[in-house]
Amino acid sequence: MMKLVQKSVFFACLLSFIGCKDKKTIDDPVETKVPQVKIILDPVYDQLPLALDQTIFETDEGYRLKLREFKIYFTDLNNQGEQLADAALYNLSNSNTVLLKNGDFTKFGNLSFNIGVSEANNHADPSAFPNNHPLNIINANDMHWSWNPGYIFFKIEMIADTLNDGVDNFNHIVSYHVGQDTCLRTVSLTNLNWSKVSQYVDQLRLKVDFKKLLNNAGSTIDIKTESVTHSAPETMELSNKLATNFKNALSAWE
């Protein structure tokens, strides 16, 4: 009799457990996946992909260079008022990703954005932005000079061998820190081809062609004589030339 009671209690508990488990399974919310958009940017020289501190590329003048640092501020990424992001900070040392965020790629067949930071934000208090915002001083780090002149819009660091004697001698420093309000440039890209890279992520690939950066429609930059600008007044002519060339060197992969 005792064994029968024990068995009855066991099966009652088992049924209760199964019932609770089934109820929990039914009540659990269904996980939903949100579509995301991803923008990546590749530095190239003509058709040659550039890897930091590795790839050697040669200019029309016969100078040989290596890219050592590449950072850019993108702001106001939008399509006819539909905003994708208000700001993004690209750092090739971390990855080639400009941004990855929730969004519907079908709304962004065209895309416009600033290379740099618009005047109002450029001279705002960088510590006033939310901690996770790209313009916050913690995230900006060395991409901000001070409250005046503000942010560095893009930074390119290279080393070059300018002797053309067949011997590797990369001792010529090229340092382009471009900023200040007059160097803000707006890029408009149309008829963009987004590609699906996973079930929920669509990707847009951009590139900056350093061949066009250094020589674009007659606007030539000689790295031997025009090797440094930190956008001080005496080098603003070079900074503005770099800003325009950079705009024209940036495009979407076809």
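Sequence positions are assigned chain by chain, starting from 1 and proceeding in written order. With the structure being a predicted model, the display of local features is reserved for residues of pLDDT at least 70 and the display and counting of side-chain atom pairs for 80 or more, all residues being used for whole-chain, interface and lining totals. As a convention, hydrogens and water are excluded, and side-chain values are obtained from all of the structure's heavy atoms.

Q: Honestly, the environment of L89 in this entry has me stumped. Any pointers?
A: Following the sequence through the fold, L89 ends up in strand β5 (residues 82–91). Categorising residues by exposure relies on relative accessible area from a 1.4 Å probe, with only protein chains included: less than 20% of the type maximum marks a residue as buried, more than 50% marks it as exposed, and the intermediate range marks it as partly exposed. Its relative accessible area of 25% is what places L89 among the partly exposed residues. The spacing of L89 and T75 is 14 residues in sequence and 8.7 Å in space, taken between C-alpha atoms. If we skip the residues at most four places from it in the chain, L89 touches I72, Y73, V98, P134, N139, A140 and M143. Numbered from the N terminus, helices here are DSSP runs of H or I no shorter than four residues, and strands are runs of E no shorter than two. In what follows, residue pairs with any heavy atoms lying within 4.5 Å of each other are defined as contacts.

Q: Is there a simple way to think about the nonpolar core in this case?
A: As a rule of thumb, nonpolar side chains are buried together in soluble globular proteins. The biggest cluster of nonpolar side chains holds 62 residues, and the ones touching the most others in it are I39, F70, F74, I156, F210, F246 and L250. Setting aside chain neighbours within four positions, we find F70 in contact with L41, P43, Y90, N91, L92, K155, I156, V208, F210 and F246. The set of buried Ala, Val, Leu, Ile, Met, Phe, Trp, Tyr and Cys residues whose side-chain atoms join them within 4.5 Å is what this entry labels a nonpolar core.

Q: What's the story with the pairing of strand β9 (residues 150–161) in this structure? I'm lost.
A: Burial analysis of β9 places twelve of its twelve residues in the buried class, which makes it a mostly covered element. Across eight bridges, the pairing between strand β4 (residues 64–79) and β9 is antiparallel. Bridging across to β9, I72 finds its partner in F154. Across two bridges, the pairing between strand β8 (residues 144–146) and β9 is antiparallel. From the neighbouring strand, S146 faces β9, where its bridge partner is G150. Counted between consecutive antiparallel strands, the loop separating β8 from β9 contains three residues. Note on pairing: two strands pair once DSSP finds at least 2 bridges between them.

Q: Help me understand the side chain of T162, please; the structure alone is not making it clear to me.
A: Relative to the elements of secondary structure, T162 occurs in the loop between β9 and β10 (172–179). Note on T162: relative accessible area 12%, which makes it buried. For T162, the contacting residues outside a window of four places in its chain are Y63, H172 and K224.

Q: Help me understand unusual backbone geometry in this model?
A: With the exception of glycine, most residues fall at negative phi, and the peptide bonds are largely trans. A cis amide bond, omega 20°, links N148 with the succeeding residue P149. Relative to the helices and strands, P149 is located in the loop between β8 and β9. With a phi angle near 50°, Q80 is a residue other than glycine that sits in the positive phi range. Along the chain, Q80 falls in the loop between β4 and β5. Using a relative accessible area of 78% as the deciding quantity, one classes Q80 as exposed. With a phi close to 50°, A217 is a non-glycine residue in the positive phi region. Inspection of the secondary structure puts A217 in the loop between β14 (215–216) and β15 (219–220).

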